[in-house]
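Coordinate analysis (summary)
Read off the chains here:
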Amino acid sequence: MTRYKKQDPELTRRKFINVAMGTGAAVGTLSLVSALGIAKPVFRLTADKAPPLKGDVLVHADAAKYGQPVKPSELSELAVIAYPMGRNKDGSTVIRAGEPNNQVGVYKFEPSALQAPTKIDATDNGIVVYSNTCTHAGCFPKSVNNQFIVNCPCHSGQYEPRQGCKVIGGPPPKPMPQLGVKVEGEQLVLTSSFLTSPYGYKNDEEWEAYLKQAEELLA
Amino acid sequence: MNQWLDDRLHISRLNDKFLRKAFPVHHSFFLGEITLFSLIVLIITGILLALAYEPSNSMVVNSFDPGTAAKPNMLPAAYHSALKINAMPFGDMLRRTHHWMANIMIAAAVLHLMRVYFTGAFKKPREINWWIGMLLLIFAGLTAVTGYILPYDNYAYSTVKVIYAITASVPWVGDWLAQAAFAGRFPGDGIIPRIYGYHIMLLPGILLAMTAAHMLIMIKQKHTQPQYAKRLAYKKIVGVPLMTQQTPIMLMLALLFTGLVMLFAAFIPVHPVEFFGPPSSSGVSNIKPDWYLLWVFGALAIIPGFEVEILGGTISAEFIGAMVFPGIVIGLMFAVPMLDRSKDNQYYAENPTNSPVRLAAGVAFMAMMLVMSVAGYKPELIESRLLTTNNANAILWILTFVIPALSYFGTIGIVRGIRALREADERETLAHAHADD
């Protein structure tokens, strides 16, 4: 009699198959996960995908006048939709339409109609520029029925452009950010990018870090 | 010939096992079949469309209106090919048939699900098929949504932007997830090829595989028997065999149904790409998802905006409204068979009024979906002055809970009424029967 139980040295078929299947599944899953890594392409910043930068000129986004500079005389209380136009590394002009969230709305109100939290020193004689991307799900809002309120068609978010584009209805979590602007001759020139974090960025720090990175990359 | 095939393929065994499958004779059992026929027509029309479609969002010159050499009229290739399909003989009709069929497939699937729920056909042993059916519904929805994006008109562009935003709203991993799913930051250069892959390969593959599983399990477990089968032959399978009795009925139904949808497609336009135009900087007003996703849209419209940061991840209203809330709803539907604790196998379809709580819960659920879908029309409700911007959310939230509660208790009341009448009837018949003695 021995204290030790005699063990069958041979592997059972069932055990072999189970181990083989387990190993196969593990290797397969690992390789699938590594293959999934290719699903997300690398992002390369080009001038047309860069955020609006200081010194950019605003040009029409509308198909009929696409690429023509927005003139101060064309503005009213209803938004003129525009894209920033900057310069490439070789000095040629490039419209930053590769990033749809670069779209901005340009408004002109009576200077006295603009109230806080609008940053008045970022406006020029009642001309004020806001992002035109709803901070909720990234749709393009617009004014309807000649009301000066900005309505988002997707989930009925509403903004008040005379008061810093603050949210006055619907689900958006924060106002659409303002941009600094000044009139130079017949053109509108940006004096700053989005002053607070635009759609797609979690907070102001993340946005500022990205903006700094973009400026360095394109310098 | 038959003998030759039989010697090699054992057709007679196939005949015994599958082709003699008994189908219950009741019109409500055709709903699943209609869903299946829609899937088949969708695949056929989809193949035809794929032959003429160009899955790319790079810009090409519009061959219908090329503009000038100095200023060519550029369109995304996918949108351009949608215009070309419309210009083909019956091309527009083919697109519409595909679109209408997709809507009707989901409608038939939902009705089929309601039939299964209200008659208790999801009970043991058919829980697995209920779950596969739920997965089929989810994947059918995903296939429909990816199909929406393919024409790449302005509507599709807005839709995919919102879907990207919803994907990106997942805390911690959202950005990575959205970029992996949609080929980079929106709108990546490869977004249309990626979604094309989903819509014509991945999702239909999943749908076909799961449909096969759904039906094989159904053949193995047999249909629940309608009530008349209980009186006819207790605990026996009653019905008409697939070959050769059910097959002509199925064929006739498939042809009639397809003909009807073709008629729809011929006369009722759906998703006019020319009207929406190519992706542009101006949004689409009155954009709405299809009816089966309107409830999520409504939930997003009435949920107030908020953002909470937890351990570096942002939990937003979007995530709650478009991910967590539908997750709960779908989870509840998944859990339905687990709420039933019966030990015995379910043979017979039940009369819905025999389980008033189940009936009332189903009606309340549908009422809630309906109210939330109406909430999707919030801007229209405000515009028509039924509601105002200030009270819309509050009123719609109250209705979301009050109407389902009312329909729940209302249904229970009606069922009790029916029962009381039925019992009174029985007492009366009994009393008269004694009087006759």
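Up top is the structure these notes are about.
All values derive from a computational prediction rather than experimental measurement.

Criteria and cut-off values
Residues numbered from 1 in each chain as written. Chains lettered and ligands numbered in written order. Predicted model: local features only at pLDDT ≥ 70, side-chain atom pairs only at ≥ 80, totals over all residues. Heavy atoms only, no water. Contact = heavy atoms within 4.5 Å. Buried area = accessible area lost by both parts, 1.4 Å probe. Salt bridge = Lys/Arg side-chain N within 4 Å of Asp/Glu carboxyl O. Polar contact = N/O pair within 3.5 Å; in protein donor to acceptor, adjacent residues only side chain to side chain. Disulfide = S-S within 2.5 Å. Helix = DSSP H or I, 4+ residues; strand = E, 2+ residues; numbered from the N terminus. Buried < 20%, exposed > 50% of the residue type's maximum accessible area, 1.4 Å probe, protein only.

Let's shift gears to the interface of chain A and chain B. Counting residues at the interface gives 38 residues for chain A, matched by 37 residues for chain B. Of the roughly 3000 Å² buried where chain A meets chain B, counting both sides, 53% is carbon and sulfur surface. In this assembly, chain A and chain B are joined by 0 salt bridges. Counting across the interface, chain A meets chain B through 6 residue pairs in polar contact (both at pLDDT 80 or more).

The subject of this paragraph is the state of the cysteines. Simply put, disulfide is the name for a covalent bond between the sulfur atoms of two cysteines. All names here are of chain A. Considering all chains together, one arrives at 1 disulfide over all chains under this definition. Bridging cysteine 139 to cysteine 154, the disulfide has an S-S length of 2.0 Å. The disulfide joining cysteine 139 to cysteine 154 has a torsion of about -90° about its S-S bond and is therefore left-handed. Here cysteine 139 is found in the loop between β5 (127–131) and β6 (142–143), whereas its partner cysteine 154 is found in the loop between β7 (150–151) and β8 (158–160), with 15 residues between them in sequence. When its relative accessible area of 4% is taken as the criterion, cysteine 154 is described as buried. The thiol sulfur of cysteine 152 is not disulfide-bonded, and the nearest other cysteine sulfur, from cysteine 134, lies at 3.8 Å. Residue cysteine 152 is classed as buried on the basis of its relative accessible area of 4%. The thiol sulfur of cysteine 165 is not disulfide-bonded, and the nearest other cysteine sulfur, from cysteine 134, lies at 10 Å. Residue classification places cysteine 165 among the buried positions, given a relative accessible area of 0%.

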